Amino acid sequence: MCGIIGVLSQNQAAPFLTNGLKNLEYRGYDSAGIAVINNGQVASKKAEGKLINLTDLLVHEPLTGKAGIGHTRWATHGSPSKHNAHPITVGKVSVVHNGIIENYKVLKNELSSLGYQFKSDTDTETIAALCDSYLESGCTIREATVKTISKLKGAFAFCLLFNGEDDLLVAARQGSPLVIGHGNNEMFIGSDALALADQTNKITYLSEGDYAFLTRKNIEIFNVKNVKITRPIQYIDIE
């Protein structure tokens, strides 16, 4: 089971992301990575094997920025390798993803005809490429997100980070769990509450088919019918 972590913080994102991934190690994984945005530019570091390989890399090649996403991957499509590890970036879009996109081959063929050249063996790369293609066609991030979700078949949870957007994360779930954590002018995303336990006990569980737009001060959640809704905040006993 892969693990997702995301943060819009007041502090450096990389330490939070790696700590959150450590909390998700129980799920099992064969590679790990994070992406951080700083002054509108996204940079990522990924490593095969145990999380310590990634944290050691970050000691020598640190990432600076107060927002980012991270992932522990258990290989499904494509071998366990650095180039298949998440986050995966295509154009303006970076993604971390759990689950399986069943129609990724069809999407990949469509996107290849538009000029996209795929660098990994994963189904995940089609999510980023598809969303980027909608942005390139003139869609807003919200429009591109909705169109992307509507094209995906399978069970998935994902989190998106965009070039030029230091105060925005987009999350969606269909068949795989995803939670939002509430902080003090901070927001968090995780595969489960345990991933966020070091930062908050205020959790909102996304329901099946939900997608959300997060800034440091606000959350907008939409259901499978594209209707804006409110999901309750629950207080979790971390112990």
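Residues numbered from 1 in each chain as written. Predicted model: local features only at pLDDT ≥ 70, side-chain atom pairs only at ≥ 80, totals over all residues. Heavy atoms only, no water.

Caption draft 1: Structural detail: the packing of aromatic side chains. Tallied over the full model, the rule gives five aromatic pairs. Ring geometry for Phe16 against Phe188: centres 5.1 Å apart, planes inclined by 45 degrees, an arrangement best described as tilted. With Phe16 in helix 1 (residues 13–23) and Phe188 in strand 10 (residues 187–190), the pair connects residues that are 172 residues apart, well separated along the chain. Given a relative accessible area of 8%, Phe16 falls into the buried group. Judged by relative accessible area, Phe188 falls into the buried class, the value being 1%. Ring geometry for Tyr211 and Phe222: centres 5.4 Å apart, planes at 10 degrees, overall stacked. With Tyr211 in strand 12 (residues 211–214) and Phe222 in strand 13 (residues 219–222), this pair connects stretches of sequence that are 11 residues apart. (Phe/Tyr/Trp six-rings, centres within 6.5 Å; stacked < 30°, edge-to-face > 60°. Helix = DSSP H or I, 4+ residues; strand = E, 2+ residues; numbered from the N terminus. Buried < 20%, exposed > 50% of the residue type's maximum accessible area, 1.4 Å probe, protein only.)

Caption draft 2: How the structure looks around helix 5 (residues 141–151). The set of residues buried in helix 5 consists of Ile141, Ala144, Thr145, Thr148 and Ile149. Summarising the axial view, the buried residues of helix 5 lie within an arc of 130 degrees, below the 170-degree limit, and thus occupy one face. Lining the buried residues of helix 5 we find helix 4 (124–136), strand 7 (154–162), strand 8 (169–174) and strand 12. (Arc of directions from axis to C-beta. Contact = heavy atoms within 4.5 Å.)

Caption draft 3: Structural detail: the packing of helix 4 against helix 5. In the contact formed by helix 4 and helix 5, the axes pass within 9 Å of each other and the chain directions differ by 135 degrees. Viewed along their axes, helix 4 and helix 5 adopt a mutual orientation that is oblique. Between helix 4 and helix 5 lies a crossing whose hand is right-handed. For the pair helix 4 and helix 5, the contacting residues are Ile127, Leu130, Cys131, Tyr134 and Leu135 in the first and Ile141, Ala144, Lys147, Thr148 and Lys151 in the second. When grouped by side-chain class, the residues that make up the contact of helix 4 with helix 5 number seven nonpolar, one polar and two charged. (Axes fitted to C-alpha atoms, helices over the stretch in contact; angles between N-to-C directions. Parallel < 35°, antiparallel > 145°, perpendicular 65-115°, else oblique. Left-handed = near helix turned anticlockwise from the far one by under 90°. Nonpolar A, V, L, I, M, F, W, Y, C, P; charged D, E, K, R; others polar.)

Caption draft 4: Representation of the nonpolar core within the structure. The biggest cluster of nonpolar side chains holds 32 residues, and the ones touching the most others in it are Leu152, Phe158, Leu160 and Phe162. Taken together, the elements giving at least two residues each to this core come down to strand 5 (88–90), strand 6 (93–101), helix 3 (104–113), helix 4, helix 5, strand 7, strand 8 and strand 12. Ranked by residues supplied to this core, first place goes to helix 4 with seven residues. Among residues more than four places away in sequence, those in contact with Leu160 are Val93, Ser94, Val95, Ile127, Cys131, Thr145, Leu168, Leu169 and Val170. Listed in part, the 22 residues of the second largest apolar core include Ile5, Ala32, Ile34 and Ala47. (Core = buried A, V, L, I, M, F, W, Y, C linked by side-chain atoms within 4.5 Å.)

Caption draft 5: Spotlight on the side chain of Ser9. With respect to the helices and strands, Ser9 occurs in the loop between strand 1 (3–8) and helix 1. In terms of polar contacts, Ser9 uses its side chain to reach the backbone amide nitrogen of Asn11, at 2.9 Å. When near neighbours in sequence (up to four residues on either side) are disregarded, Ser9 contacts Lys66, Glu186 and Arg216. (Polar contact = N/O pair within 3.5 Å; in protein donor to acceptor, adjacent residues only side chain to side chain.)

Caption draft 6: View of the sheet that holds strand 8. If you trace the seven strands from one edge of the open sheet to the other, you get 5-6-7-8-12-13-14, paired in antiparallel fashion. For this open sheet the edge positions go to strand 5 and strand 14 (228–229), each flanked by a neighbour on one side alone. Relative to strand 13, strand 12 runs antiparallel, the two being bridged by four bridges. Along strand 13, the bridge assignment pairs Phe213 with Glu220. Where helix 5 meets the sheet, its contacts fall on strand 7, strand 8, strand 12 and strand 13, and the angle it forms with strand 7 comes to roughly 160 degrees. (Pairing = 2+ DSSP bridges.)

Caption draft 7: A look at the pairing of strand 7. For strand 7, the tally of buried residues reaches eight of nine residues, placing the bulk of the element in the interior. In the sheet, strand 6 pairs with strand 7 via nine bridges, with the strands oriented antiparallel. Opposite Ile101, over in strand 7, you have Gly154 as the bridge partner. Here four bridges tie strand 7 to strand 8, and the two strands are oriented antiparallel to one another. Within strand 8, the position partnered with Phe158 by the bridge is Ala172. Between strand 7 and strand 8, which pair antiparallel and follow one another directly, the connecting turn spans six residues, one of which, Gly164, has a positive phi of 85 degrees.

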